[in-house]
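# Analysis of the macromolecular model
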Amino acid sequence: MYRSGAVMAWNVFRFCTALRGLGSIMILLVLGVVGVSYYAVVLSIYGPALTSGGLDSFMALAVLLMFHALLVMLLWSYFSVVLTDPGGVPPNYRPIVDEERGDVDPLTGSEFSQLTTPEPTNTRIRYCRKCNHIKPPRCHHCSVCGRCVLKMDHHCVWVVNCVGALNYKYFLLFLFYTLLETTLVTLSLLPYFIAFFSDGEIAGSPSTLATTFLAFVLNLAFALSVFGFLIMHASLVSGNTTTIEAYEKKTSPKWRYDLGRKRNFEQVFGTVERYWFIPAYSEEDLRRMPALQGLEYPSKPDLDSQDS
């Protein structure tokens, strides 16, 4: 029995190590798809069409402007997710009350001292035995990163990072702009994809045609998959929950942090509208919205009163 448990733990460790080692490859893969799309849309088709004159030049200019604008936003959002720490537990973190359970009675020093025992049993304090520290509300341990992450949603191999409190908005914007960009590329290359299987002649070398075909297939596949993923996360944002929490609370009829769709949206994107579609927050929101820091979250007053 002991040996099988050890083997299972070792296999899980190998799996997490493999995910960490996959990081640079996934970034190169994302940039590779961008490069193939850029070559097909800009260099092969619509760039040369700018000199055609007439309606073709106008359409080419419109496609190129949208393509580059969305590409800038996509890459900005992508590297914001990759490079932004999702949020870790501060050193010597001590909560005043058990916010996640809705307790109003302050936690005492004796309750914290019990955590130093080999087997902490205090149910009012969420404690991570792997990291050996207290877990803030909505915090979970990531086996891939090897640490606790504030408001963890999931570990994403595509961004080589955990998606948590401090970069969840950037992740959603990355999905949003990826959907728009891949849809634009798919529609832009659709006439050439159709002509590829027709009897008509298509200008360009065999390598150019192959790249155009590959770009269309890749962008169509990404557009369809990202669309479904974005719909799922839109549902999570509307309920002010995460992927992990949605699984954990599936048997609970009420969710403490569901503040209504508008406020739930603001808990992720902030209240300043001009910042909603860029991977950044206003100083005002960062100063007055504790949820954006990942340690405190407003909850339903009616549930708090019931618990008290």
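Below you will find a few notes about this structure.

Cut-off values and rules
Residues numbered from 1 in each chain as written. Predicted model: local features only at pLDDT ≥ 70, side-chain atom pairs only at ≥ 80, totals over all residues. Heavy atoms only, no water. Helix = DSSP H or I, 4+ residues; strand = E, 2+ residues; numbered from the N terminus. Buried < 20%, exposed > 50% of the residue type's maximum accessible area, 1.4 Å probe, protein only. Contact = heavy atoms within 4.5 Å. Areas by Shrake-Rupley, 256 points an atom, 1.4 Å probe, with all protein chains shown as cover. Core = buried A, V, L, I, M, F, W, Y, C linked by side-chain atoms within 4.5 Å. Salt bridge = Lys/Arg side-chain N within 4 Å of Asp/Glu carboxyl O. Axes fitted to C-alpha atoms, helices over the stretch in contact; angles between N-to-C directions. Parallel < 35°, antiparallel > 145°, perpendicular 65-115°, else oblique. Left-handed = near helix turned anticlockwise from the far one by under 90°. Patch = residues over 30% accessible without salt bridge, like charges linked within 9 Å, V, L, I, M, F, W, Y side chains within 5 Å.

We now examine the overall build of the protein chain. A tally of helices and strands in the protein chain yields ten helices and six strands. Relative to its full complement of 308 residues, the protein chain shows a buried share of 42%. Pairs at least 24 residues apart make up 60% of the contacts formed inside the protein chain by residues separated by at least 6 positions. Per element, the accessible surface of the protein chain, about 16,900 Å² overall, is 65% carbon and sulfur.

So, on to unusual backbone geometry. Of note in the backbone geometry, Asn132 takes a positive phi value of approximately 60 degrees without being a glycine. Tracing the chain through its elements places Asn132 in the loop between strand E1 (127–128) and strand E2 (133–134). Note on Asn132: relative accessible area 54%, which makes it exposed. You will see that Asn240, though not glycine, has its phi angle at about 55 degrees, which is positive. Structurally, Asn240 is set in the loop between helix H6 (206–238) and helix H7 (243–248).

Judged by nonpolar contacts, the single largest core of 47 residues is most densely connected at Val41, Tyr168, Phe171 and Leu189. Contributing elements (two or more residues each) for this core: helix H2 (23–46), helix H3 (54–83), helix H5 (168–196), H6 and helix H8 (261–269). In terms of residue count, H5 provides more of this core than any other element does, twelve residues in total. Apart from residues no more than four positions distant in its own chain, Tyr168 is found in contact with Asp153, Val163, His233, Leu236, Val237 and Val268. Core analysis: the next-biggest nonpolar cluster, separate from the first, contains 13 residues, Cys128, Cys139, Tyr257 and Ala291 among them.

The next point concerns the environment of Lys151. Along the chain, Lys151 falls in the loop between strand E4 (147–149) and strand E5 (154–156). For the pair Lys151 and Tyr297, spaced 146 residues apart in sequence, the C-alpha to C-alpha distance is 10.0 Å. Contacts of Lys151, omitting those with residues within four sequence positions, involve Arg138, Cys139, Val163, Gly164, Ala165, Asn240, Thr242, Val268 and Tyr297.

This brings us to the side chain of Thr208. Inspection of the secondary structure puts Thr208 in helix H6. Judged by relative accessible area, which is 14%, Thr208 ranks as buried. Beyond its immediate sequence surroundings of up to four residues, Thr208 is in contact with Tyr39 and Ser44.

On to the pattern of salt bridges. Enumeration over the complete set of coordinates arrives at five salt bridges. Among the salt bridges present, the one from Arg288 reaches Asp285, with a minimum N-O distance of 3.9 Å. Within this pair, Arg288 and its partner Asp285 are both found in helix H9 (residues 283–288), separated by three residues, close to a single helical turn. Given the relative accessible area of 1%, Asp285 is considered buried. What you see here is one network of salt bridges that share partners, running through Glu284, Asp285 and Arg288.

To continue, consider the environment of Val82. Assignment of secondary structure puts Val82 in helix H3. When the C-alpha positions of Val82 and Val163 are compared, they lie 9.2 Å apart, and in sequence the two are 81 residues distant. When residues no more than four places from it in sequence are discounted, the contact partners of Val82 are Ile27, Val159 and Asn161.

On to the packing of H3 against H5. One way to put it is that H3 packs onto H5 with a least axis distance of 8 Å and a crossing angle of 150 degrees. In terms of axis orientation, H3 runs roughly antiparallel to H5. Remark: the crossing between H3 and H5 carries left-handed chirality. Where H3 abuts H5, its residues Val63, Met66, Phe67, Leu70, Leu71, Met73, Leu74, Ser77, Tyr78, Ser80 and Val81 lie against Tyr170, Phe171, Leu173, Phe174, Tyr177, Thr178, Leu180, Glu181, Leu184, Val185 and Ser188.

On the secondary structure map, Thr212 appears in helix H6. Taking the relative accessible area as the measure of exposure, Thr212 reaches 9% and is therefore buried.

Below, the discussion takes up a nonpolar patch on the surface. Residues Leu28, Leu31, Phe79 and Leu83 make up a contiguous nonpolar surface patch of roughly 400 Å² in combined accessible area. For the nonpolar patch, the elements supplying multiple residues, two or more each, are H2 and H3.

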